[in-house]
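Residues per chain are reported as follows:
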Amino acid sequence: MSETTLTQTEGLKSSKLIAYGALAGLAGGLVFGMLMGMMGVLPMVGMLIRVQNAVVGFIVHMLISAIIGAIYGLVAGRLALTWANALIGGIVNGVFWWLLGALTLMPLFLGMTQMIFVIGADQWMSLVGHILYGLVTAFVFVPLARQK
């Protein structure tokens, strides 16, 4: 097989992993979004695009969920596709994005720099939601990635 063909095959596989990850991320985002809706934080997510509205916040949240899921798919798809790897990866993914997103980027983008790495009851619930997101994403990703 020529180098060009090998590269094209790898690119196709990566695009499938990204697509499967994005779909899985949407599933995880839906579950996490319901939790966020119950906590009343979706309008704050909408403020990332300067619209303080729960519906807009949910749409922004779902877009972010798809992007993070695509990244998960690209990384997880390169590992042995076992349930243990997927679930541990899902938890690690959730914790990573909690640290980077909820505790760092979100307060930074909202001009709440005094809240960066502040951890209270709301942030612990956010961690639970991010881990739940990661686990649901993993549970949906594995069957998608295993299909031929």
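Residues numbered from 1 in each chain as written. Predicted model: local features only at pLDDT ≥ 70, side-chain atom pairs only at ≥ 80, totals over all residues. Heavy atoms only, no water.

Can you walk me through the nonpolar core in this structure?
The nonpolar side chains of a soluble globular protein tend to be buried, and buried together. Formed by F32, L35, M36, L42, V45, V60, I68, W97, M106, L110 and Y133, the largest nonpolar core amounts to 11 residues. If you list the elements that add at least two residues to this core, you get α1 (3-39), α2 (42-46), α3 (54-76) and α4 (83-109). Per element, the largest residue contribution to this core is three residues, and it comes from α1. Formed by 10 residues, the second largest nonpolar core is a distinct cluster that contains A24, A86, A138 and A145. (Core = buried A, V, L, I, M, F, W, Y, C linked by side-chain atoms within 4.5 Å. Buried < 20%, exposed > 50% of the residue type's maximum accessible area, 1.4 Å probe, protein only. Helix = DSSP H or I, 4+ residues; strand = E, 2+ residues; numbered from the N terminus.)

Quick question: what am I supposed to make of the confidence of the model for the protein chain here?
Predicted coordinates in regions of low pLDDT should not be interpreted in detail. For the protein chain, the average pLDDT comes to 91, and 91% of its residues sit at 70 or higher. Scored below 50 in pLDDT, residues 1-12 shows two contacts in the model against residues more than four places distant or in partner chains. (pLDDT = per-residue confidence, 0-100. Contact = heavy atoms within 4.5 Å.)

Quick question: what am I supposed to make of a nonpolar patch on the surface here?
On the surface, a cluster of nonpolar side chains totalling about 500 Å² of accessible area is made up of I18, I67, I71, L74, V75 and L79. Take the nonpolar patch: its biggest share by element is four residues, from α3. Inspection of the secondary structure assignment puts L79 in the loop between α3 and α4. Judged by relative accessible area, which is 48%, L79 ranks as partly exposed. (Patch = residues over 30% accessible without salt bridge, like charges linked within 9 Å, V, L, I, M, F, W, Y side chains within 5 Å. Areas by Shrake-Rupley, 256 points an atom, 1.4 Å probe, with all protein chains shown as cover. Salt bridge = Lys/Arg side-chain N within 4 Å of Asp/Glu carboxyl O.)

Would you mind going over α4 with me for this structure?
Because the α-helix completes a turn every 3.6 residues, residues three or four places apart line up on one side. At W98, α4 shows its maximal bend, which comes to roughly 35°. Every buried residue of α4 is listed here: A86, G90, N93, G94, W97, W98, G101, L103, T104, M106 and P107. One or two steps after α4, the chain reaches G111, where phi turns positive at roughly 75°. (Bend = angle between axes of the 7 residues up to and from the residue.)

Would you mind showing me how to read the environment of T113 here?
Within the fold, T113 resides in the loop between α4 and α5 (121-146). The partly exposed category is assigned to T113, whose relative accessible area is 49%. When the C-alpha positions of T113 and R78 are compared, they lie 36 Å apart, and in sequence the two are 35 residues distant. Setting aside chain neighbours within four positions, we find T113 in contact with P107 and L108.

Where do I start with the environment of F117 in this structure?
With respect to the helices and strands, F117 occurs in the loop between α4 and α5. In the structure, F117 is positioned 14 residues away from L103 in sequence and 4.9 Å away in space, judged by C-alpha atoms. Contact partners of F117, with chain neighbours within four places excluded, come to L99, L103 and T104.

What is the right way to look at the packing of aromatic side chains in this model?
Each aromatic ring pair is described using two quantities: the centre-to-centre distance and the angle formed by the ring planes. In this structure the tally under the stated criterion is four aromatic pairs. Centre to centre, the rings of Y72 and F141 are 5.5 Å apart; their planes meet at 80°, and the pair counts as edge-to-face. Of this pair, Y72 sits in helix α3 while F141 sits in helix α5, and the two are 69 residues apart along the sequence. F141 shares its class with Y72; the two are buried. (Phe/Tyr/Trp six-rings, centres within 6.5 Å; stacked < 30°, edge-to-face > 60°.)

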